[in-house]
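# Structural features, examined
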Amino acid sequence: MPDKVNILAIESSCDETSAAVIQDGKVLSNQIATQKVHERFGGVVPELASRAHMQNIIPVVDVALADAGVSKEDITAVAFTQSPGLLGSLLVGACFAKGFAQALHIPLIAVHHMQAHVLAHFIDDKPEFPFMCLTVSGGHTQIVLCRDYLDMEVLGETIDDAAGEAFDKVAKMLGLPYPGGPMVDKYAAEGDPLRFKFPMAEMKNYEFSFSGIKTSVLYFLQANKKADPDFIEKNIKDICASVQYTIIKMLMAKLKKAAKDHGIKHVGIAGGVSANSGLRKAIKEAGEQHGWQVYIPRFEYCTDNAAMIGITGYYKFLKGAFADLSVSPSARATWQ
């Protein structure tokens, strides 16, 4: 074991090019280059994302190393997002990580993006095990039982759309700019969450479904716009508040059930949607009601970032969980 374990981490699963340096489990730097090119298209264009990653990755890594005060020769291992994500974007990060590791003759560590979102909690305040995590992003919605850093079980997940996708699609229906989820949250803060009623999907066990609420909102808007073309403009705050209330209620119902069924008192949220102010408020209130110790990552560790890849890589390094150069990125690989 080296005196200091310096992990260079690469995240390129979607439209954020990020690099971080983690030293003995502590974040020394975490750089993120956001791609603005997708805004005019109302969503991520995979080919444009891949090209932007190729342009950004070397400068971002260079800045991350400089900010951390380490040279490339100081790096002990390279961790990268292996799955899931946009395949072209993943390939850019994987190829860079492989080349870096091969050139310096250091270990390569493949990381699952959703596992990294969970372990983002261990960058700052470290939860006690067993730990229950609701992981909510644009592509995934999962309830994960964590028994140890690398011992996790997905108890339930969405059978169709993710909660983050539902937020973004509703935002698009309302004519809000991309990315729409944060805009829904902004308007919801000033609206009445009980004014409009939207159906909650009733799923078995710990599973979710968010396709129904998207369809319900679509028909709701079509009907009301027919009666009043300015309906959205007049009621956007209440619409956003009512939609957000319904989605959060569905999320929290399953999280409460999972925590109760498994006797877990250490509970957290992770993923891009964990930055949502309504969800943060809801889990804090549930914590007070049920006696949970609640954990919420800092905003910069909620959205896609390399620090969470690095902390996962650090724990995998301690276990000797390395990958060889034949490892390939996967758009949908599972991690169980």
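A brief structural summary. Predicted model, so just to flag it, every value in this text is computed and none were measured. (Residues numbered from 1 in each chain as written. Predicted model: local features only at pLDDT ≥ 70, side-chain atom pairs only at ≥ 80, totals over all residues. Heavy atoms only, no water.)

## A look at the environment of Y219
With respect to the helices and strands, Y219 occurs in helix α6 (residues 211-227). For the pair Y219 and A323, spaced 104 residues apart in sequence, the C-alpha to C-alpha distance is 48 Å. (Helix = DSSP H or I, 4+ residues; strand = E, 2+ residues; numbered from the N terminus.)

## Examining the pairing of strand β2 (residues 16-23)
For β2, the tally of buried residues reaches 8 of 8 residues, placing the bulk of the element in the interior. A two-sided burial pattern is seen for β2, the buried positions comprising E16, S18, A20 and I22 on one face and T17, A19, V21 and Q23 on the other. Where strand β1 (residues 6-11) folds back onto β2 in an antiparallel hairpin, the turn is made up of 4 residues. By the bridge criterion, 8 bridges tie β2 to strand β3 (residues 26-34) in an arrangement that is antiparallel. The residue of β3 that forms the bridge with A19 is Q31. A loop of 2 residues connects β2 with β3, the two strands running antiparallel in sequence, and D24 in this loop sits at a positive phi of about 50°. (Buried < 20%, exposed > 50% of the residue type's maximum accessible area, 1.4 Å probe, protein only. Pairing = 2+ DSSP bridges.)

## A look at the sheet that holds strand β7 (residues 141-148)
Taken in spatial order, the 5 strands make up an open sheet running β8-β7-β6-β9-β10, and their pairing is mixed. Looking at strand neighbours, the two that pair on one side only are β8 (151-157) and β10 (293-295), the edges of this open sheet. Pairs of neighbouring strands in the sheet enclose a mean axial angle of 20°, with direction left out of account. Sheet topology places strand β9 (residues 266-270) next to β10; 3 bridges connect them, and they run parallel. In the sheet register, G268 faces β10, and the bridge partner there is Y295. Each of β6 (131-136), β7, β8 and β9 touches helix α7 (residues 231-262); the most contacted strand, β6, lies at about 160° to it. (Axes fitted to C-alpha atoms, helices over the stretch in contact; angles between N-to-C directions. Contact = heavy atoms within 4.5 Å.)

## Description of the packing of aromatic side chains
Tallied over the full model, the rule gives 14 aromatic pairs. Taken together, a centroid distance of 5.3 Å and an interplanar angle of 20° make the contact between F122 and F129 stacked. Feature note: the residues F122, F129, F131, Y149, Y295, Y314 and Y315 constitute an aromatic cluster, connected by ring pairs. Sitting over the ring of F299, R280 keeps its end group 4.0 Å from the ring centre. (Phe/Tyr/Trp six-rings, centres within 6.5 Å; stacked < 30°, edge-to-face > 60°. Lys NZ or Arg CZ within 6 Å of the ring centre and 35° of its normal.)

## So, the sheet that holds strand β4 (residues 77-83)
Two pairing modes exist for strands in a sheet, parallel and antiparallel, and in both the strands are linked by backbone hydrogen bonds. Judged by pairing direction, the sheet is mixed, and its 5 strands sit side by side in the order β3-β2-β1-β4-β5 without closing on themselves. On the outer flanks of this sheet lie β3 and β5 (108-112), each paired with one strand and no other. Neighbouring strand axes in the sheet, compared pairwise and without regard to direction, differ in orientation by 20° on average. Both β1 and β2 contribute to a ladder of 6 bridges, which runs antiparallel. In the strand pairing of β2, E11 is matched with S18. Contacting β1, β2 and β3, helix α1 (residues 46-68) runs over the sheet at an angle of about 25° to β2. On the sheet, helix α2 (residues 87-104) packs against β1, β4 and β5 and is oriented at approximately 155° with respect to β4.

## Examining the packing of helix α5 (residues 180-188) against α7
One way to put it is that α5 packs onto α7 with a least axis distance of 7 Å and a crossing angle of 110°. Relative to α7, α5 is oriented roughly perpendicular. The residues of α7 that touch α5, namely those facing V184, D185, Y187 and A188, are I236, K237, C240, A241 and Q244. Taken together, the residues of the contact of α5 with α7 break down into 6 nonpolar, 1 polar and 2 charged. (Parallel < 35°, antiparallel > 145°, perpendicular 65-115°, else oblique. Nonpolar A, V, L, I, M, F, W, Y, C, P; charged D, E, K, R; others polar.)

## Regarding α2
The end-to-end C-alpha distance of α2, which contains 18 residues, comes to 26 Å, matching closely the 26 Å that a straight helix rising 1.5 Å per residue would cover. Taken as a whole, α2 has its buried residues at S89, L90, V92, G93, A94, F96, A97, K98, F100 and A101. Looking at the buried side of α2, the elements it contacts are β1, α1, β4 and β5. Residue H105 follows α2 closely and has a positive phi angle near 55°. (Expected span 1.5 Å × (residues − 1).)

## Concerning the pattern of salt bridges
This structure, assessed with the given rule, holds 12 salt bridges. In this structure, the salt-bridge partner of E165 is K214, at a minimum N-O distance of 3.4 Å. Placement of the pair is E165 in helix α4 (residues 163-173) and K214 in helix α6, with a sequence separation of 49 residues. In this structure K214 comes out as buried when scored by relative accessible area, which is 13%. Two residues, R195 and D238, come together in a salt bridge whose shortest N-O distance is 2.8 Å. Taken together, the residues span a long stretch of sequence, with R195 in the loop between α5 and α6 and D238 in helix α7 at a distance of 43 residues. Of the residues examined, D238 reaches a relative accessible area of 16% and is grouped as buried. Each of D161, E165, K169 and K214 takes part in one network of salt bridges that share partners. (Salt bridge = Lys/Arg side-chain N within 4 Å of Asp/Glu carboxyl O.)

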